[in-house]
Amino acid sequence: MPLISNHPSVPADAVQAMSEELDRLLTQQIACAREGDLDQVERIAARTEALVAAISSRDAAGPTMAASQRVRLRQRYDELTLVLRAERSDVQTKLRQVRQVKRAVGSYRHEATPSPSHQTVFDDGTIH
């Protein structure tokens with residue numbers, strides 16, 4: 001859907017169409033965030049930002065969006081925010097676990113590597 005300019009001749013039903021598109025995009029972002037597809041969330045965000053700017057500029061000339069639609073968009077935005085916070089928390093937890101495993105592997109590797117001054121005598125009598 002092409003974006004509608006800030007021209008005052010844009011009818012109120014066009015703003016309604018933009019708000020419906022924004023609702024659809026926010027819903028899509030929520031679904032992508034729940035799936036962990038943050039790249040897609042970011043791509044959709046560029047389109048949502050443009051719609052928000054277009055709707056805001058129209059609202060500056062006078063409210064054109066129904067209050068119920070504003071409430072619905074606010075709820076979608078709040079839900080998206082919560083999902084993204086949960087995803088960020090999950091990523092931080094996983095990163096912490098990876099760091100712990102990396103330290104443990106490094107520690108075992110260090111213990112398993114004999115130092116040059118340490119010699120190992122094998123059953124066949126050889127020294128390494």
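How each quantity is defined
Residues numbered from 1 in each chain as written. Predicted model: local features only at pLDDT ≥ 70, side-chain atom pairs only at ≥ 80, totals over all residues. Heavy atoms only, no water. Core = buried A, V, L, I, M, F, W, Y, C linked by side-chain atoms within 4.5 Å. Buried < 20%, exposed > 50% of the residue type's maximum accessible area, 1.4 Å probe, protein only. Helix = DSSP H or I, 4+ residues; strand = E, 2+ residues; numbered from the N terminus. Contact = heavy atoms within 4.5 Å. pLDDT = per-residue confidence, 0-100.

Turning our attention to the nonpolar core. Ranked by internal contacts, the top residues of the largest apolar core, which has 17 residues, are M18, L22 and I55. Breaking this core down by element, the ones donating at least two residues are α1 (12–35), α2 (38–61) and α3 (67–112). With eight residues, α1 is the single largest residue contributor to this core. Ignoring sequence-local partners within four residues, the contact set of I55 consists of V15, M18, S19, L22 and M65.

A word on the confidence of the model for the protein chain. On average, the protein chain scores 81 in pLDDT, and the residues at 70 or more come to 72%. Taking the mean pLDDT of every element in the protein chain, the minimum, 88, falls on α2 and the maximum, 91, on α1.

When you line up the elements, E87 lands in helix α3. The exposure class assigned to E87 is buried, which follows from its relative accessible area of 18%. In this structure, the C-alpha to C-alpha distance between E87 and G36, residues 51 residues apart in sequence, is 7.2 Å. The residues touching E87, leaving out its near neighbours within four places in the chain, are A33, G36 and L38.

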